[in-house]
Amino acid sequence: DKIKNKFKADPKFEGTTYDTWIATVKPIAYDGDTLTLELPSSLHRDYWEKMLKSQLVEYAYSITYKNISPKFVLEEELQKESKPAAKPADGGQDSYSYTDTHLEPNYTFETFVIGQGNKMAQAAALAVSESPGKLYNPLFLYGGVGLGKTHLMHAIGNNIVKHDPSQRVMYVTSEKFANDFIGAIQNNKMDEFRHVYRNVDVLLVDDIQFFGNKEGTQDEFFNTFQALYSNHKQIVLTSDRLPNEVPKLKDRLVSRFAWGLSVDITAPDLETRTAILRAKAKADNMDIPADALGYIASQIESNVRELEGALSRVQAYAKLNNAPIDTELVANALRPLKLAKARSALTVSDIISKVASYYHISVKEIKGTKRVKAIVVPRQIAMYLSREMTDNSLPKIGDEFGGKDHTTVIHAYDKISRASANDSDLSKQISDIKTELQH
Ligand code: ADP
Ligand code: MG
């Protein structure tokens, strides 16, 4: 009621606005976080979502000093459901609402740095956001992890809503679509599901490679796609690979996905990586000299997410040590990342080749069964290093050595650990091999 009075007192809402939209609302639950309001019709719901929600949150804050999240339910829904209890914000049938865009506000075109590997994708995304449903439909963005597909997808949605807030944009991951679909079947709510997914103006579905293997979901998505497409609604999809490379994706989806435009994003070059770091550092008000930024960019080559991770790491490291960020500090902060990387990149067969060449014997001999000392010791060292320097399981390591049992690997490991503790020559040889393997 206090909130209602605030609305009433506001000249913006006086008269019919108040009487029609606000006076008719019934608060039905409040748990300190979610305020559930019962509305007489879906028109009311649209109106509240679009016009009154932010005001409501503001008023509620001025009274309770809490950020409440409003939830709107319709009278008729309450009658169907026995318990109107608030459900978690994400997942669950009640989260269906097309005014709920799930857009991430920070992922915009303004914060997206353009470079060689992404400029086509960025241009296509921008074009689509400027005239949704008219240019490329569907727009299909693909490429490896952490290269900005999700970012661009949200940027499209954000840009569309910014220019026309009445556009119903919905972002979902392919998993959410699949879960919603399965939930709808289980709860007998297919009508509602279809109503939500087929009444959007723009549907953004992220990571569709996870549709592979999900037959029923694919069929439903096919129908959703058809319904939207035939109404000239914009569809944007992302995947880590091309549609025809997604295992078990049905042909009819593969062919639909190729109707519009497919653009790939490739890994950023050094220049782009540096530019991204510069932009992030600036956004976070971090003061990092150019050579230190360049150094980070030169160390992290694979993807932008790792680049961001490295930057946060450097930031935290500088704070902890209370030291200015320079190239030396960056090198120290990033060393563990580099080691972890070397570890994950190293294979048992790299180790076997290295050990073989170090002791001037052949790979075949290491993998074989000959029991002469000149071969047995290198073989055991290679097993020892495989266990130390890779994450392979013991049976896997045994396999790599010509199909030996995992107990053989354990035995070799114990033997070399013990021997190297008392034998400085041996331990020197092992550390030499290790150093060579790390380069
Ligand atoms: P993907 O979906 O391709 O796996 P994301 O879109 O999630 O990758 O990107 C990973 C992170 O890197 C996000 O935080 C994103 O904002 C950032 N990012 C990726 N590309 C760029 C870019 N060109 N400019 C700025 N930030 C980027
Ligand atoms: Mg993504």
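Residues numbered from 1 in each chain as written. Chains lettered and ligands numbered in written order. Predicted model: local features only at pLDDT ≥ 70, side-chain atom pairs only at ≥ 80, totals over all residues. Heavy atoms only, no water.

### Observations concerning the sheet that holds strand S3 (residues 69-74)
Test applied: One requirement defines pairing of two strands: DSSP has to find at least two bridges between them. Helix and strand assignments follow DSSP, with helices taken as H or I runs no shorter than four residues and strands as E runs no shorter than two, numbered in order from the N terminus. To obtain an axis, a line is fitted to C-alpha atoms, over the contacting stretch when the element is a helix, and the angle between two such axes runs from 0 to 180 degrees between their N-to-C directions.
Strand order in this open sheet of 3 strands is S1-S2-S3, and the pairing throughout is mixed. Taken across any chain shown, the strands that pair with only one partner, and hence form the sheet edges, are strand S1 (26-30) and S3. Along the sheet, successive strands turn relative to each other by an average axial angle of 30 degrees, direction set aside.

### Details of the UniProt feature "binding site: ATP" (unreviewed entry) in the protein
The following threshold applies: UniProt positions are given in the numbering used here, feature names are shortened, and annotations may be inferred rather than shown by experiment. Note on classification: 1.4 Å probe, protein chains only; a residue is buried when its accessible area is under 20% of the maximum for its type, exposed when over 50%, partly exposed between these limits. Only heavy atoms enter the contact rule, under which two residues are in contact if any of them lie within 4.5 Å.
In the numbering adopted here, UniProt assigns the feature "binding site: ATP" (unreviewed entry) to Gly146, Gly148, Lys149 and Thr150. With respect to the helices, strands and loops of the structure, Gly146 is situated in the loop between strand S4 (139-143) and helix H6 (149-163). For Gly146, a relative accessible area of 12% puts it in the buried group. Looking at the element boundaries, Thr150 is found in helix H6. Setting aside chain neighbours within four positions, we find Thr150 in contact with Tyr107, Tyr171 and Asp206.

### Considering helix H1 (residues 2-9)
Let me state the cut-off plainly: What the arc describes is the spread of directions from the helix axis to the C-beta atoms.
All of the buried residues along H1 are Ile3, Lys4 and Phe7. Buried residues along H1 cover an arc of 100 degrees about the axis, so they all sit on one side. Exposed and oriented more than 90 degrees from the buried face of H1 are Lys2, Lys8 and Ala9.

### Some points on the packing of aromatic side chains
The criterion, for reference: Two aromatic rings from Phe, Tyr or Trp, using only the six-membered ring of Trp, form a pair when their centres are within 6.5 Å; if the ring planes differ by under 30 degrees the pair is stacked, by over 60 it is edge-to-face, and anything between is tilted. Criterion for a charge above a ring: Arg CZ or Lys NZ at most 6 Å from the ring centre, at most 35 degrees from the ring normal.
Inspection of every chain in the model, using the stated rule, returns 18 aromatic pairs. Members of the aromatic cluster, connected to one another through ring pairs, are Phe140, Tyr142, Phe177, Phe181, Phe193, Tyr197, Phe211, Phe221, Phe225, Tyr229, Phe257 and Trp259. Lying across the ring of Phe222, Arg252 places its NZ or CZ 4.0 Å from the centre. The side chain of Arg387 reaches across the aromatic face of Tyr413, ending 4.7 Å from its centre.

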